[in-house]
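Observations on chain architecture
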Protein chains: 2
Amino acid sequence: MNIDQIREKIASKGLKITPQRVAILEAIYNLNNHPTAENIADYIKISQPNIAIGTIYKVLEILVKNKIIKKVTTEADKMRYDGITEHHHHLYCIECDLIEDYFDEELNQILEQYFAKKKINGFHFKNFVVQINGTFDKC
Amino acid sequence: MNIDQIREKIASKGLKITPQRVAILEAIYNLNNHPTAENIADYIKISQPNIAIGTIYKVLEILVKNKIIKKVTTEADKMRYDGITEHHHHLYCIECDLIEDYFDEELNQILEQYFAKKKINGFHFKNFVVQINGTFDKC
DNA sequence: TTACTTAAAAAGAATTATTCTTATATAATA
DNA sequence: TATTATATAAGAATAATTCTTTTTAAGTAA
């Protein structure tokens, strides 16, 4: 994803293209590991030395609201962000903070099929995310 | 779950039984809706008017560590707690903060079978949780 | 039952993450 | 290029959680 694609992504939602927004979204794509707001701040501080931390949170909120990025929740209480919006799941390391994306079309189909048939009382199903816990060899 | 069972649950992990721990665990069982630390504080303030908020967090941490309760993560950044430790999933309301437990043995079997076969590179599978998003009729 | 030991709780300060407010700056547009 | 609306900076405020120290009480053994 290059700068022009990032700018286009922002513009496509009717949002103003600002250097801060571009830098933050670029950081999320490049860091590629579900960064926290603080991780993003560190990453962009060379290109955006004067950015306010409040701006980062504000921009993240706007990007989430416009479905350009997604929130990823963890048991450590800081929010993390994911630049991938297509349907996928996460591998969580139960020993460290590592989260990896997990794409599995077969799994998606099994579950979509399952929930299509399944009626859950008093609940309108929209979508699902599977949190897969374990340990990475590399950790 | 009565008081004696709660006391026994705490004792079975080799933990000291204290009125605060009993009250907090009782609150989680009775509230039965994935309360926050604050919800628990409100619930127990009649029986435990002098409890320190730090104590609540400390007790929750200990209960989690001893697998008596579990953390439940949400996009709203406050942690919630679940007194049910058997394998289950959660229905999340995408409009309000409601989380309901979802038990589905058929789903568990499908997924356990799936992950038993599936090899995920560089990752040791331990368990999974399905976060099911949608809306409740009652909301 | 009583005294002892150790773990737990209270208090409140400290920290961390996040949000809010207001003045200033800048992007899109006409 | 000027206009207007929106975004950003700054930093204070809030909210959630953790930490530190002192005090209290649970469990154990005499």
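Look up: the structure comes first, before these words.
Because the structure is a prediction, the values reported are computed rather than measured.

This paragraph deals with the relation of the copies chain A and chain B. Between the two copies, chain A and chain B, the superposition gives an RMSD of 0.1 Å; the rotation angle is 180 degrees and the shift along the axis is 0.0 Å. Classification of the inter-copy transformation places it as that of a two-fold axis. Relative to the rotation axis, the C-alpha of valine 130 of chain A is the closest in chain A, positioned 2.3 Å from it. The overlap is high: 100% of the interface residues of chain A also sit at the interface in chain B, so the same surface is used on both sides.

Bringing the protein's contact with DNA strand C into the picture now. Around DNA strand C sit 17 residues, and of these Tyr57 and Lys78 of chain A together with Thr18, Arg21 and Asp77 of chain B come closest. By atom count, sugar and phosphate contribute 82% of the portion of DNA strand C lying within 4 Å of the protein. Within the contact set of DNA strand C, a phosphate oxygen lies 2.7 Å away from a side-chain nitrogen or oxygen of lysine 78 of chain A. Take lysine 16 of chain B: an N or O atom from its side chain is 3.0 Å from a sugar or linking oxygen of DNA strand C. Of all the secondary structure elements, the ones that give two or more residues to the surface near DNA strand C are helix H4 (53-65) of chain A together with helix H2 (19-31) and helix H4 (53-65) of chain B. A class-by-class count of the residues in the surface near DNA strand C yields 7 nonpolar, 5 polar and 5 charged.

The rules behind the values
- Residues numbered from 1 in each chain as written.
- Chains lettered and ligands numbered in written order.
- Predicted model: local features only at pLDDT ≥ 70, side-chain atom pairs only at ≥ 80, totals over all residues.
- Heavy atoms only, no water.
- Least-squares fit on C-alpha atoms with pLDDT ≥ 70 in both.
- Contact = heavy atoms within 4.5 Å.
- Near = heavy atom within 4 Å.
- Polar contact = N/O pair within 3.5 Å; in protein donor to acceptor, adjacent residues only side chain to side chain.
- Helix = DSSP H or I, 4+ residues; strand = E, 2+ residues; numbered from the N terminus.
- Nonpolar A, V, L, I, M, F, W, Y, C, P; charged D, E, K, R; others polar.

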